[in-house]
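The chain contents come next:
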Amino acid sequence: MDMVQTLADTEFAVSSTHSYESGVVPRRGETVMVAGEGCWMIDSEGRRYLDMTSSQGVAMLGYGHPVLTAALQEQAGRLHACPNFFHNDTRASFLEKLISVTPDHLTRAFLGNSGAEAIDGAIKFARLATGRTGIVAARNSFHGRTVGALALTWNPRYRRKFEPLLPDVSHVHFNNIEQLDEAVDEGTAAVVLEVIQAEGGVHEGAAGFLAAAQALCRERGALLVVDEVQTGFGRTGRWFSFQHYDLEPDIIALAKGLGGGFPMGATVYTEQIQDSLFSGAHGSTFGGNPLACAAGIAALSVYQDGLIEQAERAGKRLWEALEAAVGSRRVVREIRGKGLLIGIDLRTKAVPFLKTLMEEHSVLALPAGSTVLRLLPPLTISDEEIDLAVEAIAATLPDSV
């Protein structure tokens, strides 16, 4: 079957989008993506793009991975939906596999469909477990756009038009221990943090700040929630980013790479939290559906088969190549990140360079804040593809501001 559509299909896709969709999601011109292969996306005119975004961090195995494809095909032919009031064999196998790759103290999981839902579940479970309502999050954080998750997300651009949001949420400066100490009190149910603030500019948590967050939670009866939606499953060269710092969070929120790009999310938590829950405390119609769980089993199997170690090596190569190619240029303020989550902080706006990368060099990248060019390639990226991406970035970024 020819994967590439005709020009007429392109015109139809664009006109239908303009006619029927909400329009709240900004588009990159009128490009219509119709296929993918490995780390490449293909548009309706047959042009190939090196995808350094993994479709916003979800396609960790790239496109058309044979293990993921086979799992989805097999499950779709057998049972694609099953309500949660029945047991299901694929769901049971997925849960067993998921818990086997999380730290030993995280023994339970609630399955949903997205990262925002995983955060909403974490909020509810933390409130039930502690009997408190307060949530402390960080400035520049991004936790999702449902009403619950949005209350924790910092950027006023996302929040302002929808306020008032969930009450009893406060934000402290990331890496500021003194502010965190003042914010966590007897009314705090949870401290919710990203170890690396990806959307907020690829800012890494300081080891002392993260350790202090855990210590304050233990001391004052709050729970530590780590948002691993973008950083989980090898993105930073470990299964989870908190493992770089020997943290033991009470709850982790998972999505994106969890299903290798197939929509799913999970709130994973301790046995102590499980003891506070009750039947009907939470629910999800599509959460834990057999198709998603089949995708999750496949993705976890591939991660276990050396892909996380490969991602750590590839991330080091990408970072070193970027430093050598553009690190000394005046337009570049800093290159930062871990594994295959890298931000190039510029002394000017990033969006014009993203446009040039796509239009002139067929390389896709993301912003992270206004000045950061963010790279989130599939973990399967090759050395040759890394070199191609760095060459394109070097050709795009000027020597001076």
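Above this text you will find the structure in question.
Residues numbered from 1 in each chain as written. Predicted model: local features only at pLDDT ≥ 70, side-chain atom pairs only at ≥ 80, totals over all residues. Heavy atoms only, no water.

### Remarks on the overall build of the protein chain
Across its full length, the protein chain carries 13 helices and 17 strands. Computed over C-alpha atoms, the radius of gyration of the protein chain comes to 21 Å, within 12% of the 21 Å expected from 2.2 N^0.38 for 401 residues, which places it in the range of a compact globule. In terms of principal-axis extent, the alpha carbons of the protein chain reach across some 55 × 55 × 45 Å. Buried residues in the protein chain amount to 51% of all 401 residues. By sequence separation, contacts in the protein chain at least 24 residues apart represent 71% of the contacts at least 6 residues apart. Split by element, the accessible area of the protein chain, about 18000 Å² in all, is 52% carbon and sulfur. On the protein chain, the mean spot of the 34 positive side-chain charges and the mean spot of the 48 negative ones are 5 Å from each other. (Helix = DSSP H or I, 4+ residues; strand = E, 2+ residues; numbered from the N terminus. Rg over C-alpha atoms; globule rule 2.2 N^0.38 Å. Buried < 20%, exposed > 50% of the residue type's maximum accessible area, 1.4 Å probe, protein only. Contact = heavy atoms within 4.5 Å. Areas by Shrake-Rupley, 256 points an atom, 1.4 Å probe, with all protein chains shown as cover. Lys, Arg positive; Asp, Glu negative; His and termini not counted. Charge placed at Lys NZ, Arg CZ, Asp CG, Glu CD.)

### Topic: unusual backbone geometry
E163 connects to P164 through a cis peptide bond whose omega is 5°. Positive phi is not limited to glycine here, since D168 has a value of about 65°. Residue placement: D168 occurs in the loop between α7 (156-159) and β6 (169-172). Judged by its relative accessible area of 46%, D168 is partly exposed. Positive phi is not limited to glycine here, since N175 has a value of about 75°.

### Details of the sheet that holds strand β2 (residues 40-43)
Strand order in the open sheet formed by 4 strands is β1-β2-β3-β15, and the pairing between neighbours is mixed. The open sheet has two edge strands, β1 (33-37) and β15 (363-364), and neither has a second partner. Bridge count for strand β3 (residues 48-51) against β15 is 2 bridges, and the pairing is parallel. Considered in β15, the bridge of L50 is made with V363. On the sheet, helix α13 (residues 383-396) packs against β2, β3 and β15 and is oriented at approximately 95° with respect to β3. (Pairing = 2+ DSSP bridges. Axes fitted to C-alpha atoms, helices over the stretch in contact; angles between N-to-C directions.)

### Remarks on the packing of helix α12 (residues 351-361) against α13
Closest axis-to-axis distance for the α12/α13 pair is 10 Å, and the angle between their directions is 120°. On the basis of the axis angle, α12 is oblique to α13. Relative to α13, α12 is oriented so that their crossing is right-handed. Here F353, T356, L357 and H361 of α12 come into contact with α13, specifically with A392, I393, A395 and T396. Among the residues making up the contact of α12 with α13, the classes are represented as 5 nonpolar, 3 polar and no charged. (Parallel < 35°, antiparallel > 145°, perpendicular 65-115°, else oblique. Left-handed = near helix turned anticlockwise from the far one by under 90°. Nonpolar A, V, L, I, M, F, W, Y, C, P; charged D, E, K, R; others polar.)

### Points about the packing of aromatic side chains
As enumerated under the stated definition, the model contains 11 aromatic pairs in all. A centroid spacing of 6.2 Å and a plane angle of 85° characterise the contact between W239 and Y303, whose relative ring orientation is edge-to-face. Remark: Y303 occurs in helix α11 (residues 290-326) and W239 occurs in the loop between β10 (223-227) and β11 (251-254); sequence separation between them is 64 residues. For W239, a relative accessible area of 19% puts it in the buried group. Three or more aromatic residues joined by ring pairs make a cluster, and in this case those are F233, W239, F240, F242 and Y303. (Phe/Tyr/Trp six-rings, centres within 6.5 Å; stacked < 30°, edge-to-face > 60°.)

### Let's talk about the sheet that holds strand β4 (residues 108-112)
If you walk across this open sheet you meet the 7 strands as β4-β12-β11-β10-β7-β5-β6, and the pairing is mixed. Two strands in the sheet have a free side with no partner beyond their single neighbour: β4 and β6. Strand-to-strand, the axes of this sheet are offset by a mean angle of 20°, without reference to chain direction. Pairing analysis gives 3 bridges linking β10 to β11, with the strands arranged parallel. Pairing of V225 across the sheet is with I251, part of β11. Taken strand by strand, helix α5 (residues 115-130) contacts β4, β7 (188-193), β10, β11 and β12 (265-269), and its axis lies near 25° from that of β12.

### Comments concerning helix α9 (residues 207-220)
Spanning 14 residues, α9 covers 20 Å between terminal C-alpha atoms, matching the ideal 20 Å at 1.5 Å per step. Considered for burial, the residues of α9 that qualify are F209, L210, A212, A213, Q214, L216 and C217. Summarising the contacts, the buried residues of α9 are in contact with α8 (177-183), β7 and β10. Following α9 by one or two positions, G221 adopts a phi angle in the positive range, close to 80°. (Expected span 1.5 Å × (residues − 1).)

### Observations regarding the pairing of β10
Note on strand geometry: in a regular strand, side chains alternate between the two faces of the sheet. Among the 5 residues in β10, 5 count as buried, and that is most of the element. In this structure, β7 lies alongside β10, joined through 4 bridges in parallel fashion. Its bridge partner being in β10, L193 is matched across the sheet by V226.

### Overview of α5
Residues that lie three or four places apart on an α-helix share one face, since the helix turns once every 3.6 residues. Under the 1.5 Å per step criterion, the end-to-end length of α5 is 22 Å for 16 residues, consistent within 8% with the ideal 22 Å. Here α5 has its buried residues at G115, A116, A118, I119, G121, A122, I123, F125 and A126. Where α5 terminates, the next one or two residues include G131, which has phi positive at roughly 70°.

### With respect to the side chain of R235
Inspection of the secondary structure puts R235 in the loop between β10 and β11. Although R235 is buried, it forms no salt bridge, and the closest oppositely charged side chain is D51 at an N-O distance of 8.6 Å. (Salt bridge = Lys/Arg side-chain N within 4 Å of Asp/Glu carboxyl O.)

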